[in-house]
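The lines below spell out each chain.
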Amino acid sequence: MLRKTIAALLLVLLVFTTACAKIPQQTVAGTVKTVTDQAGRQVKLPDDVETVAMMFSIPTSLLLALGVGDRLVAVGATWGIQTLIEPSLETIGTVGRGQLDMESLAAYNPDVFLHKASDPATLEVVAKLGIPALGLTTESTAEVLEAITVLGEVFNRQARAAELVEYYHSKMELANRIVAQIPADERKTAIVMGSEIGKVAGGNMLQSFMIETAGGINCAQDVESQQAWPVVGTEKIFAWNPDFIFCTNGSASEYEAADLLHDPTWQNMNAVKNNRVLLVPTDKDSWEYPSLSTCLGFLWMLCQMYPEYYSEADFLQEVDLFYQTAYGMTFNLEFLGYRT
Amino acid sequence: MIIQSERELEHKHKRQARLINIALLILLFTTALIALCIGKYPLKPLSALAVLFGKANLHDVMDYHVVLGLRLPRIIASIICGAALASSGTAYQGIFKNPLVSSEFLGVSQGACVGAAIAILLSASAAQIQLFAFLGGLLAVGLTLLIPALMRNNSNLMLVLSGIIIGGAMSSVLGFIKYIADPETELAAITYWQMGSFSYITSDQLASVLLPMGLASLCLFGLSWRIDILSLGESEAQTLGTNVPLVRIFTIICATLLTASSVSIAGTISWVGLIIPHFGRILVGTGNTRLLPTACLGGALFLLTVDTVTRTATAAEMPISILTGLIGAPLYAWLLYKRRMIIN
């Protein structure tokens, strides 16, 4: 009797499970285009993508630069200058932080859902819901620029995307031209330290690219790790004794640049002796977070390491130019949290 | 005369247990219907039911996706995982004659995660990942049993300590696998698998665990009276003609399969396997033939309720283990207190 009941229950569950699979197929309304995302997936999208939701926050600045910030209906988090550029972000909703809230996403029913390309499982689950899911990856500058191009296609802003990519390249060329004048024996060594003392940017990271573009030599360039921000430990940093220590501008940082400058054990380090432990600007818009702002990041490093070749005054002119080009507005340095 | 009344008493208990099970079943069914009708997606309760029975009009496809693609698989998943965890907990507790054990205390859940992580490193298929999870769980419980055997100490405490040792070791192994995994692809897959969550359940995943779970629970139900005999003590069981090692191993395999299947779709969910069997004992007594179905239904009801709360109560969904822990820990303390009263 018992076994029969259980068997019957299992059968009921099985029937319901098959019912789950019988969902009528959603057809994307209007004309359709196909975009290849950065996970290599072919994503079918409506021609006019009018609403976009996402759980992570890296693409926000890219969408703002493309001029489609007002199409965001849900994001993970916003900060700093973003709400000034697009006031509607102030009251924007969310589809979960860390864990995707599927029903909230269904309620927003956006034209596209943007997500990390490294999490294909979530992309697939969302696609099953009938919401086009597009994977993005922004680990390196090349990938950030590719992401802009992909988003340009999504929002039919190809020309604007090309303009932004070209602008970024022109700043890389500017840095390259200046660096070319610096003799090899004047090159400075540097590291970018992560949220904990002893964590550094390895050779495959965006921050390493920034040091190199600025003409520096990343002491940690040979640190190959699967992990982002590999832990090399304080001793290794002492052994490297870099000329510059750049500290990442995360609010999650467990230390401040001043801590190192005042720590007796660090006093023999070149960077500490010469007061070259520097926080990468700025508070309101990080210049070393995956975004277009990294071009300010490497130009700033350049003027810090080689002021005789590229002055801070020259650099500061680039700041206004960048914000004007990317977002059509400027911010004063004090507001951004830039310390001269 | 005495025999007569004992039989009557047994009969009465059986009837009571059946009534309790029917009540639980009705409660489970009602809760499932309510759960289907509520959620963050704005949908009238009646429309949700209309979609379920295919009576809704097809013009809003998203309604279908939400009811059949999100809510229904999630409800079924929490029901079967709750039932699986509670019945495997009951089986472990019965077979080890130890009320302090459950899959997470024997290292099974952690072992299953390690097995799955290895399979992901080897870029195995979904079915192979499940098989590895099962083998990992089995290996963990085997190691946990090995330590007391080596020490020639069969006390409850030794088994629990051994479980802590193996569980801890398995967590470290998992940490190491995650350390060497490729962060772009493998690490994300392992973390996703290990975290598990009812929020990403798909009908394919459900279909893949229904069969192993169904078979394992049917076997456990078939074995339940033999587990009862085992709990009399090994020599008594042997005298009664039971093949003790065989029953033990078979029960462990079934219970581990249930746990591994549950972990494979929902990650590690603690406390259900530990407290629900105790609750069942309060309701229907200690006999496993009566206890297993009650624990099964109780576990299903518990996890369904908790999951429905987590997905509707807060704006950003919280992991289910937070709530099972917050309810489970004090509940277990209360149960221990109450049982001490009974023993006294």
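Residues numbered from 1 in each chain as written. Chains lettered and ligands numbered in written order. Predicted model: local features only at pLDDT ≥ 70, side-chain atom pairs only at ≥ 80, totals over all residues.

Caption draft 1: Quick peek at the overall build of chain B. Across its full length, chain B carries 13 helices and zero strands. Starting at the N terminus, the α and β elements of chain B follow one another as α-α-α-α-α-α-α-α-α-α-α-α-α. Over its C-alpha trace chain B gives a radius of gyration of 21 Å, about what one expects of a compact globule, namely 20 Å for 344 residues. Looking at the 344 residues of chain B, the share that counts as buried comes to 48%. Taking all contacts inside chain B whose residues are at least 6 apart in sequence as the whole, residues at least 24 apart take part in 74%. (Helix = DSSP H or I, 4+ residues; strand = E, 2+ residues; numbered from the N terminus. Rg over C-alpha atoms; globule rule 2.2 N^0.38 Å. Buried ≥ 20, exposed ≤ 12 C-beta atoms within 10 Å, placed from the backbone. Contact = placed C-beta atoms within 7 Å.)

Caption draft 2: Local environment of the sheet that holds strand β4 (residues 72-74) of chain A. All names here are of chain A. Pairing within the open sheet is parallel, and its four strands lie in the order β4-β3-β5-β6. The sheet is open, and its two borders are formed by β4 and β6 (133-136), each paired with just one other strand. Going from strand to strand, the sheet's axes swing by 35 degrees on average, the running direction of each strand aside. Examined bridge by bridge, strand β3 (residues 52-54) and strand β5 (residues 112-116) share three bridges and lie parallel to one another. (Pairing = 2+ DSSP bridges. Axes fitted to C-alpha atoms, helices over the stretch in contact; angles between N-to-C directions.)

Caption draft 3: Geometry of the nonpolar core. Residues L151 and I191 of chain A together with A116 of chain B are the most contacted members of the largest nonpolar core, which totals 192 residues. If sequence neighbours within four positions are ignored, I191 of chain A has contacts with V200, N218, C219, A220, I237, W240, P242 and I245 of chain A. (Core = buried A, V, L, I, M, F, W, Y, C linked by C-beta atoms within 7 Å.)

Caption draft 4: Up close: the interface of chain A and chain B. The interface of chain A with chain B comprises 37 residues on the first partner and 40 residues on the second. The set of elements that each furnish at least two residues to the side of chain A that touches chain B consists of α1 (2-21), α4 (102-108) and α5 (120-128) of chain A. Take the side of chain A that touches chain B: its biggest share by element is 11 residues, from α1 of chain A.

Caption draft 5: Main features of helix α12 (residues 294-305) of chain A. A rise of 1.5 Å per residue sets the reference length of α12 of chain A, with its 12 residues, at 16 Å; its end C-alpha atoms lie 16 Å apart and thus fit the reference within 8%. Across the 12 residues of α12 of chain A, 11 count as buried, placing the element largely inside the fold. (Expected span 1.5 Å × (residues − 1).)

Caption draft 6: Representation of helix α7 (residues 158-180) of chain A. Residue and element names in this part refer to chain A. A rise of 1.5 Å per residue sets the reference length of α7, with its 23 residues, at 33 Å; its end C-alpha atoms lie 32 Å apart and thus fit the reference within 8%. Those residues of α7 lying buried are A161, L164, Y168, K171, A175 and V179. Buried positions along α7 lie against α2 (59-66), α6 (141-154), α8 (206-213), α12 and α13 (312-327).

Caption draft 7: Seen up close, the environment of A117 of chain B. Residue and element names in this part refer to chain B. Along the chain, A117 turns up in helix α4 (residues 108-121). According to the C-beta neighbour criterion, A117 is buried, with 28 such atoms within 10 Å. Note: C-alpha distance between A117 and M62 (55 residues apart in sequence) is 35 Å. Dropping the residues within four chain positions of it, A117 is found in contact with L174, I177 and I190.

Caption draft 8: Main features of unusual backbone geometry. All names here are of chain B. Phi is positive for R152, which is not a glycine, with a value near 50 degrees. Inspection of the secondary structure assignment puts R152 in the loop between α5 (126-151) and α6 (156-180). Looking at R152, the number of C-beta atoms within 10 Å reads 7, which means it is exposed. Of note, W271 is a non-glycine position whose phi angle comes to about 80 degrees, a positive value. Tracing the backbone through its elements, the reader meets W271 in the loop between α10 (244-266) and α11 (272-284).

Caption draft 9: Spotlight on the confidence of the model for chain A. Per-residue confidence for chain A averages 88 on the pLDDT scale, and 92% of its residues sit at or above 70. The weakest mean pLDDT in chain A belongs to α1 of chain A at 68; the strongest belongs to α7 of chain A at 96. (pLDDT = per-residue confidence, 0-100.)

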